[in-house]
Amino acid sequence: MKHPKIPVARSIVALCEAKGIQHVVISPGSRNAPLTNGFVHHPNIETYSVVDERCAAFVAIGMAQQLQKPVAVVCTSGSALLNYYPAVAEAFYSDIPLVVISADRPIERIDIGDGQTIRQKNVFENHILYSANLHSELVLENEATEKKLQQKQFESQKHNEREINLALNKAIEEKGPVHINVPFYEPLYGTVEDVEVNPIQILPEIIERTYSRNQLQAYAELWNKAARKMVIIGVSPPNSVEQEFLDRLANDPSVIVFTETTSNVQQEKFFTRIDTIVGPIEKDENREQLFDNLQPEILLTFGGMIVSKKIKAFLRNYQPKQHWHVDPKKAYNTFFCLNKHFETSVNSFFSQFFPLINNSEGNYAQYWQEVRSRRKVKHEDYMGRIPYSDLKAMQLVCPAVPENTIVQLANSSTIRYAQLFNWKESLKIYCNRGTSGIDGSISTAVGAAMISEEPVLMITGDLSFFYDSNGLWNNYIPKNFRIIILNNHGGGIFRILPGEKNTETFDKYFETVHDLNAKPVCDLYGFEYASAKTSEEIEAALNHFFDTSEKPKVLEIFTPRKINDEVLLEYFSFVK
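In what follows, the accompanying structure is described. (Residues numbered from 1 in each chain as written. Predicted model: local features only at pLDDT ≥ 70, side-chain atom pairs only at ≥ 80, totals over all residues. Heavy atoms only, no water.)

Let's talk about the packing of aromatic side chains
So, step 1. Taken as a whole and judged by the stated rule, the model has 30 aromatic pairs.
So, step 2. Ring geometry for Phe 92 and Tyr 93: centres 5.0 Å apart, planes at 90 degrees, overall edge-to-face.
So, step 3. Taking 5.7 Å as the distance between ring centres and 75 degrees as the angle between the ring planes, the aromatic pair formed by Tyr 382 and Tyr 571 counts as edge-to-face. Separated by 189 residues along the polypeptide, Tyr 382 in helix α13 (residues 364-385) and Tyr 571 in helix α22 (residues 564-574) bring together distant segments of the chain. Grouping residues by exposure puts Tyr 382 and Tyr 571 together as buried.
So, step 4. Here the guanidinium or amino end of Arg 372 rests over the ring plane of Phe 271, the centre of that ring lying 5.2 Å away.
So, step 5. One residue, Lys 378, lies across the ring of Phe 574, its end atom 6.0 Å from the ring centre. (Phe/Tyr/Trp six-rings, centres within 6.5 Å; stacked < 30°, edge-to-face > 60°. Helix = DSSP H or I, 4+ residues; strand = E, 2+ residues; numbered from the N terminus. Buried < 20%, exposed > 50% of the residue type's maximum accessible area, 1.4 Å probe, protein only. Lys NZ or Arg CZ within 6 Å of the ring centre and 35° of its normal.)

Structure below.
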């Protein structure tokens with residue numbers, strides 16, 4: 001087996017493998033050659049070549065998202081590293097274990113005019129769990145004999161091994177991004193055969209906090225006294241919460257549970273479409289009374305980011321007396337009323353909390369279940385009336401998605417339209433809600449498809465697709481990968497937001513109107529391409545879109561540019 005000649009590169013590869021990192025996405029370069037040679041020749045590590053560093057990092061996020069384990073990215077020195085930053089920020093806020101390994105110039109070569117050289121030390125400091133800044137390790141032609149030089153080599157090696165361990169452990173323990181920056185002296189490409197690689201190992205420590213009966217008793221008493229409790233579940237991996245706990249919440253008449261497509265939980269009594277409850281109230285003449293009726297005494301949240309702006313606005317104006325968040329790592333004060341952070345897993349919390357509480361009497365859940373039933377009827381009525389639009393297209397796409405598909409949703413309009421529909425229970429639904437940007441959504445879906453045994457469908461808007469189309473530039477995309485593009489010829493979400501519309505400034509700088517289509521991109525990257533411009537054409541295309549094929553496929557659905565905002569905004573007035 002070949003190893004890089006530079007010892008620190010061997011230590012990085014060995015420790016990554018020892019800590020269970022089996023997938024490494026490499027972007028080409030020269031300064032990172034020792035790392036590339038080390039990972040590529042390791043029999044237990046799968047490597048992938050992705051040229052564009054921004055895409056490469058999001059590909060790794062898609063992999064780590066599916067594996068729930070760290071995935072590493074490797075790049076050369078200079079601006080290559082900065083292209084990882086959008087994905088690093090996403091991993092930071094979405095709790096994705098992304099390991100960034102960057103090659104660098106030795107410290108004495110920084111800021112002297114050498115090419116491809118920037119200040120890489122601590123470059124991600126605001127959005128990283130750990131930054132390991134390693135020492136350069138000289139590789140001499142002959143083994144050092146001077147004791148001082150031997151001691152210096154020994155100390156550098158042990159410092160590096162410890163820092164690598166601490167960085168990798170942090171990614172495992174806290175599920176987030178870490179950065180290992182390693183400066184290399186030339187020569188870079190040398191390899192050695194069958195050298196012993198045995199770096200020191202520091203084991204990660206994953207300790208789950210538990211709460212005693214005494215610690216929970218006061219909160220249990222508050223819960224038992226409250227007649228109105230609301231639970232909101234944010235972004236969550238599938239199967240992360242025990243079903244018995246979800247069922248217990250659903251069957252309490254004093255509890256209503258709001259979920260989103262990205263919550264990935266199933267219970268027939270849960271409110272899966274938050275905006276169809278809150279949005280119509282905003283349009284109602286009795287909105288203050290209705291919001292008073294909805295206002296909870298206790299709000300319990302768990303999971304990651306929440307998509308709905310409407311529920312955020314409601315709870316910031318009609319605050320609960322108590323807001324508790326359950327998460328082993330962090331608790332955001334999203335509604336400006338956070339009282340308690342339970343620093344443990346959801347399953348651990350409920351296993352300790354539920355024995356202390358009772359179902360309360362009341363009609364809180366029943367009242368809003370009846371509202372939900374009326375809204376469902378109005379929803380179906382409205383969907384049967386609307387003209388061809390983004391909303392109509394999403395209505396047609398939703399039931400056509402095959403069972404047991406992994407669905408990746410782009411941000412902006414796509415994720416918001418998706419919230420208005422009930423999706424099949426067997427689907428696993430993801431979206432990069434950490435930073436909620438349009439960058440990297442295609443690449444994330446590609447990474448998920450590369451690693452998953454289940455088929456992956458990406459649903460995206462046109463701007464998100466074109467922005468990240470370089471994510472299709474690799475040789476690993478499976479044949480069953482599918483992309484559906486809702487092309488409304490610009491950033492249609494800006495037509496929904498407040499502000500002056502139909503001006504030259506709006507068209508050019510906000511909506512960014514265009515006449516592009518995805519066919520040239522599909523031709524470039526070897527995708528089958530189909531398009532649709534009417535409801536009938538969408539239905540016909542979807543009939544065969546998910547059939548087995550020799551190439552991955554794209555279906556581009558063209559929708560009108562100017563009526564989508566009217567259709568969506570009228571929705572909330574109609575269903576009230």
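Considerations on the sheet that holds strand β16 (residues 456-461)
So, step 1. In spatial order, the strands read β15-β14-β16-β17-β19-β18; together these six strands make up an open sheet with parallel pairing. Both outer strands of the open sheet, β15 (428-431) and β18 (528-532), are each paired with one neighbouring strand and no more. Strand-to-strand twist in this sheet, taken as the mean axis angle between neighbours without regard to direction, amounts to 20 degrees.
So, step 2. Both β18 and strand β19 (residues 553-558) contribute to a ladder of five bridges, which runs parallel. Counterpart to Ser 531 in the pairing with β19 is Glu 556.
So, step 3. Here helix α16 (residues 441-451) sits on the sheet in contact with β14 (406-409) and β16, set at roughly 175 degrees to β16.
So, step 4. Seen against the sheet, helix α21 (residues 535-545) touches β16, β17 (482-487), β18 and β19 and runs at an angle of roughly 170 degrees to β19. (Pairing = 2+ DSSP bridges. Axes fitted to C-alpha atoms, helices over the stretch in contact; angles between N-to-C directions. Contact = heavy atoms within 4.5 Å.)

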